[in-house]
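# An overview of the molecular structure
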Amino acid sequence: MLRAASRTRHALAAAAASLLLAGCTTVEVGAPAASGVPTTEAARDALLKAAEHRLVTDCLSARGVTPTPRPRAPDEDGAFRAALFGTGPRELSVTLATGATVTAHTDGCLAAARHRLYGDQKRWFRAQVTVDNLRAEAQHRMRADPVHRAALARWTACVTPPDRPRPDRPDPAVATRCAHETGLDAVRARLESAELVTVRALRHDELTAYRQLRDRALLRAAELPAPLRTSHPQKGHTLP
């Protein structure tokens, strides 16, 4: 579980850092509605990322830190990460149903930008982390199903050479073939889909908060005075 939490924290940090360190490209935000908010999900994602990038960059500049793609000296990198992510104890914490715990600061430029856009940092953090992990929670629940356990046992037997212990890392081609032949792929697809419906019902409050805060952030992003067409391409938060 600790490894899962670490991977989740690393993914969040990597996504935020890449927002500032990747090369600039042009992102089309799409035709806006009367409110100035684009009408497609891809364009809305682009608008939010561009707004967050602008706010983070302004915050870093105010603190005397300039984002740059060039390699940094260790002390410069430490100062940059402290300004971007914050320092000291992590004030925000969410423990997921999978057992993983995700934490974040409230005092860095990234937190400041999200506070400006979403308003309630704590509520947004909980909603975002929960939504980002809906599929992981569905997969976690699926593993307890006896049908999945039986299919997994068949797969394990398939990838294990006769009279030899199970390899730590089965040959990828063998693992893929066995997943198909033992029915594990089909079982996973069916159970994950069903569990995802259950998880979305269980996390109704977080999903509602996510949509409400995101809609509010889109209006605030559209009202920012600077052009929001230059940003860095990031994968959008598509609900599983």
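Whatever comes next refers back to the structure up there.
Attention in this report is confined to the structure presented alongside it. Owing to the predicted nature of the structure, the values given are computational and were not obtained by experimental measurement. (Residues numbered from 1 in each chain as written. Predicted model: local features only at pLDDT ≥ 70, side-chain atom pairs only at ≥ 80, totals over all residues. Heavy atoms only, no water.)

## Points about the overall build of the protein chain
What the protein chain contains, in helices and strands, is 10 helices and 4 strands. Each helix (α) and strand (β) of the protein chain, taken in turn from the N terminus, gives the series α-β-α-α-β-β-α-α-α-α-α-α-α-β. Looking at the protein chain as a whole, 38% of its 240 residues are labelled buried. A fraction of 71% describes how many contacts in the protein chain between residues 6 or more apart in sequence connect residues 24 or more apart. (Helix = DSSP H or I, 4+ residues; strand = E, 2+ residues; numbered from the N terminus. Buried < 20%, exposed > 50% of the residue type's maximum accessible area, 1.4 Å probe, protein only. Contact = heavy atoms within 4.5 Å.)

## Some details on the packing of aromatic side chains
Counted under the stated rule, the structure contains 2 aromatic pairs. Ring geometry for Tyr-118 against Trp-124: centres 3.8 Å apart, planes inclined by 5°, an arrangement best described as stacked. Accessibility assignment for this pair places Tyr-118 and Trp-124 in one class, buried. An angle of 20° between the planes, with centres 5.2 Å apart, marks the rings of Trp-124 and Tyr-210 as stacked. (Phe/Tyr/Trp six-rings, centres within 6.5 Å; stacked < 30°, edge-to-face > 60°.)

## Focus: the nonpolar core
Ranked by internal contacts, the top residues of the largest apolar core, which has 33 residues, are Leu-48, Val-56, Leu-60, Leu-84, Leu-117, Tyr-118 and Ala-221. At the level of secondary structure, the elements contributing two or more residues to this core comprise helix 2 (41-62), helix 3 (74-85), helix 4 (109-118), helix 5 (121-132), helix 6 (134-142), helix 9 (184-202) and helix 10 (204-223). Those residues in contact with Tyr-118 that sit more than four places away from it in its chain are Leu-48, Trp-124, Leu-213, Arg-214, Arg-216, Ala-217 and Arg-220. In terms of nonpolar packing, the next biggest core, distinct from the first, is built from 10 residues, Met-142, Val-159, Ala-175 and Leu-191 among them. (Core = buried A, V, L, I, M, F, W, Y, C linked by side-chain atoms within 4.5 Å.)

## Observations concerning helix 5
Compared with the 16 Å implied by 1.5 Å per residue over 12 residues, the 16 Å span of helix 5 between its first and last C-alpha is a close match. Listed as buried for helix 5 are Gln-121, Trp-124, Phe-125, Ala-127, Gln-128, Val-129, Thr-130 and Val-131. Along its buried surface, helix 5 packs onto strand 2 (92-95), strand 3 (101-104), helix 4, helix 6 and helix 10. Its side-chain oxygen placed 3.2 Å from the backbone nitrogen of Lys-122, Asp-120 serves as the N-cap of helix 5. (Expected span 1.5 Å × (residues − 1). Polar contact = N/O pair within 3.5 Å; in protein donor to acceptor, adjacent residues only side chain to side chain.)

## Notes on the packing of helix 4 against helix 5
Following both chains from N to C, one finds helix 4 and helix 5 inclined at 95°, their axes separated by 9 Å at the closest point. One finds that helix 4 runs roughly perpendicular with respect to helix 5. Here helix 4 contributes Ala-111, Arg-114, His-115 and Tyr-118 to the contact with helix 5, which in turn contributes Gln-121, Trp-124 and Gln-128. Taken together, the residues of the contact of helix 4 with helix 5 break down into 3 nonpolar, 3 polar and 1 charged. (Axes fitted to C-alpha atoms, helices over the stretch in contact; angles between N-to-C directions. Parallel < 35°, antiparallel > 145°, perpendicular 65-115°, else oblique. Nonpolar A, V, L, I, M, F, W, Y, C, P; charged D, E, K, R; others polar.)

## Focus: the packing of helix 2 against helix 4
Between two packed helices, the angle of one axis relative to the other and the distance separating the axes together describe the packing. At a minimum axis distance of 8 Å, the contact between helix 2 and helix 4 shows a crossing angle of 130°. The angle between helix 2 and helix 4 falls in the class oblique. Classified by chirality, the crossing of helix 4 by helix 2 is right-handed. Judged by residue contacts, Leu-48, Ala-51, Glu-52, Leu-55, Val-56, Cys-59 and Leu-60 of helix 2 engage Cys-109, Leu-110, Ala-113, Arg-114, Arg-116, Leu-117 and Tyr-118 from helix 4. (Left-handed = near helix turned anticlockwise from the far one by under 90°.)

## Re the pattern of salt bridges
Side chains that differ in sign of charge can pair as their charged atoms come close. On inspection of all chains with the given rule, the structure shows 8 salt bridges. Arg-141 serves as the salt-bridge partner of Glu-195, at 2.8 Å between the closest nitrogen and oxygen. You can see Glu-195 sitting in helix 9 and its partner Arg-141 sitting in helix 6, a full 54 residues away along the chain. Judged by its relative accessible area of 34%, Arg-141 is partly exposed. Through salt bridges with shared partners, a single ionic network connects Glu-41, Asp-45 and Arg-214. (Salt bridge = Lys/Arg side-chain N within 4 Å of Asp/Glu carboxyl O.)

## With respect to the state of the cysteines
Structurally, a disulfide amounts to a covalent bond that connects the sulfur atoms of two cysteines. Counted by the stated rule, this structure contains 2 disulfides. Put simply, Cys-158 and Cys-178 are joined by a disulfide, and their sulfur atoms are 2.0 Å apart. Every disulfide takes its handedness from the sign of the S-S torsion; for Cys-158 and Cys-178 that torsion is -75°, giving left-handed. Of this pair, Cys-158 sits in helix 7 (residues 146-159) while Cys-178 sits in helix 8 (residues 172-181), and the two are 20 residues apart along the sequence. On the basis of relative accessibility, which here comes to 0%, the residue Cys-178 falls in the buried class. Sequence-ordered numbering of the bonded cysteines in the protein chain gives a pairing of 1-2, 3-4. (Disulfide = S-S within 2.5 Å.)

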